[in-house]
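# Topology and contacts: notes
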Amino acid sequence: MLMHYLSGLGILLFGAVHIFTIFFTYPFQATIWETTLKFDSIPFAILPVYRNALLAASLFGLLLCTTVHAMNGLRTVIAELVGFRNKWVDRILIAVGVFLTVYGLRTILIAHLLV
Amino acid sequence: MLSQREGRTKVLQSLRVMLVPGRYGLERWSFVLQRISGVAVSLYFIAHILETGNFVGGITVWTVPEYSFAEAAHQKSVELLKNPVFDVGLAVIGFLVALHTFNGLRLILTHFGFLVGKPGRPEPFEQPASLNARQRALFWLSISLAVFALLYTLDALMGVFRV
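For clarity, every value in this text was computed on a predicted model and none was experimentally measured.

Thresholds, definitions, all that
Residues numbered from 1 in each chain as written. Chains lettered and ligands numbered in written order. Predicted model: local features only at pLDDT ≥ 70, side-chain atom pairs only at ≥ 80, totals over all residues. Heavy atoms only, no water. Helix = DSSP H or I, 4+ residues; strand = E, 2+ residues; numbered from the N terminus. Buried < 20%, exposed > 50% of the residue type's maximum accessible area, 1.4 Å probe, protein only. Areas by Shrake-Rupley, 256 points an atom, 1.4 Å probe, with all protein chains shown as cover. Lys, Arg positive; Asp, Glu negative; His and termini not counted. Charge placed at Lys NZ, Arg CZ, Asp CG, Glu CD. Axes fitted to C-alpha atoms, helices over the stretch in contact; angles between N-to-C directions. Parallel < 35°, antiparallel > 145°, perpendicular 65-115°, else oblique. Left-handed = near helix turned anticlockwise from the far one by under 90°. Contact = heavy atoms within 4.5 Å. Nonpolar A, V, L, I, M, F, W, Y, C, P; charged D, E, K, R; others polar. Buried area = accessible area lost by both parts, 1.4 Å probe. Salt bridge = Lys/Arg side-chain N within 4 Å of Asp/Glu carboxyl O. Polar contact = N/O pair within 3.5 Å; in protein donor to acceptor, adjacent residues only side chain to side chain. 1 Å grid on protein atoms, 1.4 Å probe; cavity = no way out; pocket = protein on both sides within 12 Å on 5 of 7 lines; lining within 4 Å. Points joined across faces, edges and corners; volume = space filled by probe spheres on them. pLDDT = per-residue confidence, 0-100.

### Regarding the overall build of chain B
For chain B, the count of helices and strands is 5 helices and 0 strands. From first element to last, N terminus to C terminus, chain B shows the α and β order α-α-α-α-α. Looking at chain B residue by residue over its 163 residues, the buried ones come to 34%. Accessible area for chain B stands at about 10,500 Å²; split by element, carbon and sulfur atoms hold 67% of it. Separation of charge centres in chain B, based on 15 positive and 10 negative side chains, amounts to 14 Å.

Quick look at the structure:
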């Protein structure tokens, strides 16, 4: 339970940074499709966010906390539905979590190093 | 050990109990909304990681590609995602994320004994204890902030409130 709460508070912290960079830094006469979701053509586009080491690290923090929180939450809901814990469900969710962490870290590192 | 049929019946019964909070109180609605938003946002999170992976070329790319290749991959992904259905879907996700976050904060505070009030002696024929006034206020604050998140996301993606 404590792990679920701590990862949730981590999401609150890192998620706030993520939401701020995408949804609160764009010029408000445009939409985010024309601004913060552009590849690299303006200062607040996607790639400059990944190039900043601190923001890239906060994205990894968000990835880690969300993976733990989501997989643990799904495990809880499935256990509530079937009435007991199933070790195969646990194993599948751990495998999905490891894949998401590795794949997400790969995306962050590639975008960080892309020139 | 349950048979396959018994197991399926049990899951359906649990789903019915979990997802139909109508004749129960606000507490139950809070529980159901927290579960539904949690599962929906978890599934979105998986899709989001896969989708942002496509921004740099997809699952086959594990080294830093040419800049032009990544830019073209990003452009292709944006063309696929930029449509009203996706925009509205993302606004609904914004609603669910905000609801799950603020209602989750209320649950954390409650778990550690904040805002729950003092325990009292139950009287005969008394209604069972449910959310107190402060808890109810926080629940409705969560809903209000979630509605704001929905509207803000709609505006950020589609510019619906521009003159």
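### Here's the deal with the packing of helix 1 (residues 2-23) of chain A against helix 4 (residues 84-111) of chain B
The description of two packed helices rests on the angle between their axes and on the distance between the axes. With their axes 11 Å apart at the nearest point, helix 1 of chain A and helix 4 of chain B run at an angle of 140 degrees to one another. Taken together, the axes of helix 1 of chain A and helix 4 of chain B are oblique relative to one another. For the crossing formed where helix 1 of chain A meets helix 4 of chain B, the hand is left-handed. Counting all contacts with helix 1 of chain A, which are made through Tyr5(A), Leu9(A) and Leu12(A), the residues of helix 4 of chain B involved are Thr101(B), Leu105(B), Leu107(B), Ile108(B) and His111(B). For the contact of helix 1 of chain A with helix 4 of chain B, the per-class residue count stands at 6 nonpolar, 2 polar and no charged.

### Points about the interface of chain B and chain A
On the side of chain A, 47 residues touch chain B, which itself brings 51 residues to the contact. Buried surface at the junction of chain B and chain A, summed over both partners, amounts to about 4,100 Å²; 76% is from carbon and sulfur atoms. When residues of chain B are sorted by the area they lose upon contact with chain A, Phe45(B), Tyr67(B) and Tyr152(B) head the list and together hold 15% of the total. At the junction of chain B and chain A, the tally comes to 1 salt bridge. With a closest N to O distance of 2.6 Å, Arg35(B) and Glu80(A) form a salt bridge. Across the chain B-chain A interface, the total number found is 14 residue pairs in polar contact (both at pLDDT 80 or more).

### Some points on unusual backbone geometry
Leaving glycine aside, a negative phi is the common case for residues, and trans is the common case for peptide bonds. Residues other than glycine seldom take positive phi values, yet Leu115(B) does so here, at roughly 65 degrees. In this structure, Leu115(B) sits in the loop between helix 4 and helix 5 (133-158).

### Side note on the layout of surface pockets
Residues and elements named next belong to chain A. The volume enclosed by the second largest pocket comes to roughly 250 Å³. Lining the second largest pocket are 14 residues, with Met3, Val68, Met71, Asn72 and Ile94 positioned closest to its centre. Here the residues of the lining of the second largest pocket are counted per class, giving 7 nonpolar, 4 polar and 3 charged.

### Section: the confidence of the model for chain B
Residues and elements named next belong to chain B. The pLDDT averaged across chain B works out to 88; a share of 98% of its residues lies at or above 70. Mean pLDDT per element in chain B: helix 1 (residues 4-19) is the minimum at 77, and helix 4 is the maximum at 95. Interface confidence in the predicted complex, given as ipTM, is 0.93; pTM for the same model is 0.89.

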